[in-house]
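Topology and contacts: notes
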Amino acid sequence: MRGFASISALSRHFPRSHYVLARVAKSIPVFLAIAVCNFILLKLAPGDAADVLAGEAGSATPEYLAALKSQFGLDQPTWAQLAHYVGRLLRLDLGWSFRNNQGVLALILERLPATLLLMIGALGLAFILGAALGVLASRHVNGALDNLISVVALLFYATPLFLVGLGLIIVFAVHLGWLPTGGLTTVGASYTGLRFAVDVALHLAMPLVTLALFFLALYARLMRASMLEVFNQDYVTTARAKGLSEGRITVRHVLRNAMMPMVTMLGLQVGTLLGGSVVVETVFAWPGIGRLAFEAVMSRDLNLLLGILLICSVVVIMANILVDLAYAWLDPRIELAR
Amino acid sequence: MTLLAIDDLQTHFFTRSGILKAVDGVSLSIEPGEVLAVVGESGCGKSVTAFSVLGLVPNPPGRIVGGSIRFEGRELVGLPARDMRALRGDRIGMIFQEPMTSLNPALTVGDQIGEVLVRHRGFTRRQALTRAEELLDLVRVPDPRRRVTEYPHRLSGGMRQRVMIAMAIACEPKLLIADEPTTALDVTVQAQVLDLLASIRARFGMAILLITHDLGVVAETADRVAVMYAGRKVEEAATARLFADPQHPYTRGLLGAIPEVADDDPAMGRDRPRLSEIPGMVPALDAMPPGCRFAPRCPEAMPVCRTAPPALRPAGGGVAACYARQDDRPSLEEVA
């Protein structure tokens with residue numbers, strides 16, 4: 001009863017909280033289904049952590065291999081391993097990374113902030129800059145500016161990420177020496193406060209721009225198309241008949257309605273970006289989830305990989321809830337079901 | 001002084017397949033407080049004429065290539081965009097055919113009405129919302145206090161058209177252009193909206209340019225009627241006169257196509273004569289016949305009709321562009 005009362009108190013202060021709680025509850029089965037699929041998929045791939053460790057040891061005997069396997073529980077039948085895994089998940093225990101000799105959750109939590117910083121920063125930049133360029137292009141349809149924006153945006157979209165990254169490193173780190181080549185902070189320096197933030201920002205600049213440039217094209221083109229569509233709506237003619245200027249019509253009547261497809265795209269790309277960051281994190285030695293996942297794959301660190309995939313699915317599910325909230329905020333016709 | 005004088009207006013559309021002369025030499029005039037109806041089939045250029053007045057014809061492809069539009073003695077053709085914007089929504093209000101799509105779904109009703117007052121009268125948002133509430137009451141929207149804060153999707157088509165009207169009359173314009181204001185509405189709602197327009201006109205003394213294809217609407221509201229066909233005006237007369245004694249064969253055809261329902265008809269339509277229709281189709285804008293544009297469909301067409309377009313001349317108390325109806329009929333030689 002007390003829990004109930006506190007929920008209704010919560011919903012008084014945050015009218016959407018009921019909806020959010022319901023959505024979170026509904027996503028638990030989805031979350032478990034994803035976990036089971038991940039597990040089966042990874043089990044289908046040949047090789048496990050014991051094989052890799054034994055291989056690296058060089059002179060591993062079959063007995064050593066068998067000992068490793070039984071130590072990791074890899075000698076159990078698959079279904080037993082799965083049951084064990086799901087049981088652990090329900091206790092919010094993501095397991096142990098045998099490779100890193102560290103708890104999976106701790107390992108991920110250590111790396112997650114760096115990836116989230118990169119991801120949110122890059123998506124935010126691509127979204128805002130893309131929206132601005134899209135608006136600009138739509139106001140000069142088929143003109144020189146429109147074509148220039150399209151060409152430049154598509155050029156970055158078509159160029160492989162690592163190439164853009166390496167190009168930036170050569171120009172800004174090697175030749176100009178303005179920015180560090182990689183990493184999250186300056187090695188050996190122990191800055192605090194503002195100095196620390198500036199240090200991270202300098203390290204963040206290139207990986208963030210590299211990722212953002214890739215997604216910029218999508219947002220710019222989408223915004224342009226969306227703006228053009230909304231400009232043809234009857235209510236824009238109504239706005240003109242009121243005597244409003246084109247600038248005011250764009251900002252007040254068109255922009256908000258043109259944002260809907262952009263928000264949809266944003267939600268979809270949160271998932272893509274977690275994958276896309278593997279390349280960028282590797283190029284810029286960015287200590288994030290992407291690189292951790294890559295290392296986990298190479299060393300067949302199944303527990304770690306499963307943990308990362310799971311955390312990613314949590315991020316995606318949360319992003320979807322946020323997108324639905326944004327819909328309801330942007331378009332009053334959309335009402336959130338209880 | 002004449003409020004609005006349109007003289008020999010030509011609005012053309014420059015498309016890839018050629019020049020479409022949507023409005024090709026139309027002249028209309030409206031006195032202060034008068035209701036002028038412009039009727040005709042879809043594509044006859046009546047809406048383009050209305051949009052031309054406010055400079056709302058999409059350009060490209062559309063452009064006013066000739067003629068003049070004088071509003072309160074001031075030339076509107078070629079008026080700088082800034083001056084035209086100052087007129088729109090202030091001296092000239094406009095309402096449209098589709099109330100369902102003419103309101104922005106993302107803004108409240110109050111903000112959309114108030115916007116006009118903020119733009120033209122320098123109201124603050126708060127003042128504008130208060131006035132919007134009064135305007136909603138004026139256009140007979142029930143519970144205006146609640147409605148100002150609501151979004152358009154909560155309102156029915158009829159209510160939305162009332163909101164559009166409130167928006168158009170917010171600055172008490174001298175001229176209200178109504179482009180098919182009742183076409184998208186249910187018949188019962190149509191009557192209410194027409195009634196509302198009539199009472200607003202009486203209250204503010206504004207003139208109305210009513211664009212419609214519905215002669216029933218015309219009969220109820222207009223003082224004078226101009227009939228358009230294929231980009232030209234073919235007849236104009238006072239409403240009662242036009243209905244009593246139509247001159248142009250096209251006008252007769254239009255009137256013949258109105259169904260009549262007699263309450264005391266015991267046969268309930270079984271033995272009544274078949275509803276007449278005008279045979280043929282409106283000619284395509286890029287394939288106009290050289291003479292009278294109605295000649296290919298006209299039951300009374302003569303050889304002269306196919307050679308040169310007839311001019312508007314006095315006929316039956318109004319004017320008509322028809323060789324067969326003119327009081328001083330020209331000879332064939334004169335035309336040639």
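The shown structure was predicted, so the numbers you read here are calculated from the model rather than taken from an experiment.

A few words on the overall build of chain B. Of regular secondary structure, chain B possesses 11 helices and 12 strands. For chain B, the C-alpha radius of gyration of 21 Å lies close to 20 Å, the compact-globule estimate for 336 residues. Overall, chain B is about 70 × 60 × 40 Å in size when its C-alpha atoms are taken along their principal axes. Put simply, chain B has 336 residues, and 52% of those count as buried. Long-range contacts, defined as pairs at least 24 residues apart, comprise 63% of the intrachain contacts of chain B with a sequence gap of at least 6.

In this assembly, 26 residues from chain B lie in contact with 18 residues from chain A. Carbon and sulfur atoms supply 57% of the area that chain B and chain A bury against each other, a total of about 2000 Å² over both sides. Run the count over chain B and chain A and you get two salt bridges. For Arg252(A), the salt bridge identified is with Glu115(B), shortest N-O distance 2.6 Å. The interface formed by chain B and chain A contains 13 residue pairs in polar contact (both at pLDDT 80 or more). Within the residue set of the side of chain B that touches chain A, elements represented by two or more residues are helix H3 (109-121) and helix H6 (157-169) of chain B.

Residue and element names in this part refer to chain B. Taken together, the four strands give an open sheet; going across it, the order is S2-S1-S4-S5, and neighbouring strands pair in antiparallel fashion. Two strands close off the open sheet at either side, each with one partner strand: strand S2 (18-30) and strand S5 (74-75). Alignment of strand S1 (residues 4-15) against strand S4 (residues 62-71), held across eight bridges, turns out to be antiparallel. Note on S4: the bridge partner recorded for His-12 is Arg-63. Contacting S1, S2 and S4, helix H1 (residues 46-53) crosses the sheet at an angle of about 110 degrees to S1.

Moving on, we get to the packing of aromatic side chains. Across all of its chains, the model carries nine aromatic pairs over all chains by this definition. Aromatic pair Phe172(A) and Trp178(A): ring centres 6.0 Å apart, planes at 45 degrees, arrangement tilted. For Phe172(A), a relative accessible area of 28% corresponds to the partly exposed category. Accessibility expressed as a relative area gives 59% for Trp178(A), which makes it exposed. A centroid spacing of 5.2 Å and a plane angle of 65 degrees characterise the contact between Tyr250(B) and Phe294(B), whose relative ring orientation is edge-to-face. Here Phe294(B) lies in the loop between helix H10 (249-256) and strand S11 (313-315) and Tyr250(B) lies in helix H10, a separation of 44 residues in the sequence. As far as the burial class goes, Tyr250(B) and Phe294(B) line up, both buried. Cluster of aromatic residues (ring-pair linked, three or more members): Tyr157(A), Phe214(A) and Phe215(A). Arg256(A) extends its terminal NZ or CZ atom over the ring of Trp329(A), reaching a point 5.8 Å from the ring centre.

Turning our eyes to something else, we now look at the domain arrangement of chain A. Residue and element names in this part refer to chain A. Assigned domains within chain A: domain 1 (16-104) and domain 2 (111-330). One C-alpha centre belongs to domain 1, the other to domain 2; they are set 32 Å apart. Listed by partner, the interface residues are 29 residues for domain 1 and 21 residues for domain 2. Contact with domain 2 buries surface across domain 1, with Arg-23, Phe-31 and Leu-42 losing the most and accounting together for 24% of the total. Our enumeration of links across domain 1 and domain 2 arrives at one salt bridge. Across the pair Arg-23 and Asp-324 runs a salt bridge, and its minimum N-O distance is 2.4 Å. Our count for the contact surface shared by domain 1 and domain 2 stands at one residue pair in polar contact (both at pLDDT 80 or more). Breaking the side of domain 1 that touches domain 2 down by element, the ones donating at least two residues are helix H2 (17-44), helix H3 (49-57), helix H5 (78-90) and strand S1 (96-97). The element that contributes the greatest number of residues to the side of domain 1 that touches domain 2 is H2, accounting for 13 residues. Its residues placed into classes, the side of domain 1 that touches domain 2 shows 18 nonpolar, five polar and six charged.

To continue, consider helix H7 (residues 187-204) of chain B. Turn by turn, an α-helix covers 3.6 residues, leaving residues three or four places apart pointing in a common direction. Residue and element names in this part refer to chain B. If you check H7, its first and last C-alpha atoms are 26 Å apart, about what 18 residues at 1.5 Å a residue would give, namely 26 Å. When we look at burial in H7, the residues that qualify are Val-189, Gln-190, Val-193, Leu-194, Leu-196, Leu-197, Ile-200 and Phe-204. The arc that holds every buried residue of H7, seen down its axis, measures 155 degrees, which confines them to one face. Turned more than 90 degrees from where H7 packs its buried face, Val-187, Thr-188, Ala-202 and Arg-203 sit exposed. Against the buried residues of H7 lie strand S6 (92-95), helix H4 (125-138), H6, strand S7 (175-179), strand S8 (207-212) and helix H8 (215-221). Looking one or two residues past H7, Gly-205 carries a phi angle of roughly 65 degrees, positive in sign.

In the UniProt entry, the feature "domain: ABC transporter" (unreviewed entry) is given for residues 4-255 of chain B. As annotated, residues 4-255 of chain B has a helix share of 38% and a strand share of 28%, and its two end C-alpha atoms lie 28 Å apart.

Here we come to the nonpolar core. Counting 99 residues, the largest nonpolar core has Leu76(B), Met94(B), Val139(B), Ile165(B), Leu175(B) and Ile177(B) as its most contacted members. In this structure, Ile177(B) is in contact with Ala50(B), Val53(B), Leu54(B), Ile92(B), Gly93(B), Met94(B), Ile95(B) and Leu209(B), ignoring residues within four places of it in sequence. Ala126(A), Val230(A), Met262(A) and Ala319(A) belong to the second largest nonpolar core, which has 70 residues in total.

For the rest of this paragraph, the subject is the sheet that holds S7(B). Residue and element names in this part refer to chain B. With mixed pairing, the eight strands of this open sheet are ordered in space as S6-S7-S8-S3-S9-S10-S12-S11. Two strands in the sheet have a free side with no partner beyond their single neighbour: S6 and S11. Here the average twist between neighbouring strands, direction ignored, is 25 degrees. Two elements, S11 and strand S12 (residues 318-320), share three bridges in a ladder whose sense is antiparallel. By the bridge assignment, Pro-314 is partnered in S12 with Val-319.

Once that is clear, we can look at the pairing of S6(B). All names here are of chain B. Because side chains alternate across S6, one face comprises the buried residues Ile-92 and Met-94, and the other comprises Gly-93 and Ile-95, equally buried. Pairing analysis gives four bridges linking S6 to S7, with the strands arranged parallel. Bridge pairing links Met-94 to Ile-177 in S7.

All names here are of chain A. By secondary structure assignment, the location of Glu-281 is in helix H11 (residues 246-283). For the buried Glu-281, no salt bridge is present, and the opposite-charge side chain at shortest range is Arg-111, 5.9 Å distant. Side chain to side chain, Glu-281 and Thr-115 meet in a polar contact 2.8 Å long. Setting aside its immediate chain neighbours within four residues, Glu-281 contacts Thr-115, Leu-118, Trp-286, Gly-288, Ile-289, Gly-290 and Arg-291.

Glancing now at the UniProt feature "transmembrane region" (unreviewed entry) in chain A. All names here are of chain A. As annotated by UniProt and renumbered to match this structure, "transmembrane region" (unreviewed entry) occupies residues 20-41, 114-136, 148-176, 196-219, 262-284 and 304-330. Helix makes up 100% of residues 20-41 and strand 0%, whereas the separation of the span's terminal C-alpha atoms amounts to 31 Å. Between the end C-alpha atoms of residues 114-136 the distance is 33 Å, and the span holds 100% helix and 0% strand.

Here is what the cut-offs are and how they apply
Residues numbered from 1 in each chain as written. Chains lettered and ligands numbered in written order. Predicted model: local features only at pLDDT ≥ 70, side-chain atom pairs only at ≥ 80, totals over all residues. Heavy atoms only, no water. Helix = DSSP H or I, 4+ residues; strand = E, 2+ residues; numbered from the N terminus. Rg over C-alpha atoms; globule rule 2.2 N^0.38 Å. Buried < 20%, exposed > 50% of the residue type's maximum accessible area, 1.4 Å probe, protein only. Contact = heavy atoms within 4.5 Å. Buried area = accessible area lost by both parts, 1.4 Å probe. Salt bridge = Lys/Arg side-chain N within 4 Å of Asp/Glu carboxyl O. Polar contact = N/O pair within 3.5 Å; in protein donor to acceptor, adjacent residues only side chain to side chain. Pairing = 2+ DSSP bridges. Axes fitted to C-alpha atoms, helices over the stretch in contact; angles between N-to-C directions. Phe/Tyr/Trp six-rings, centres within 6.5 Å; stacked < 30°, edge-to-face > 60°. Lys NZ or Arg CZ within 6 Å of the ring centre and 35° of its normal. Domains from an automatic or database assignment. Nonpolar A, V, L, I, M, F, W, Y, C, P; charged D, E, K, R; others polar. Expected span 1.5 Å × (residues − 1). Arc of directions from axis to C-beta. UniProt positions renumbered as here; feature names shortened; annotations may be inferred. Core = buried A, V, L, I, M, F, W, Y, C linked by side-chain atoms within 4.5 Å. Lys, Arg positive; Asp, Glu negative; His and termini not counted.

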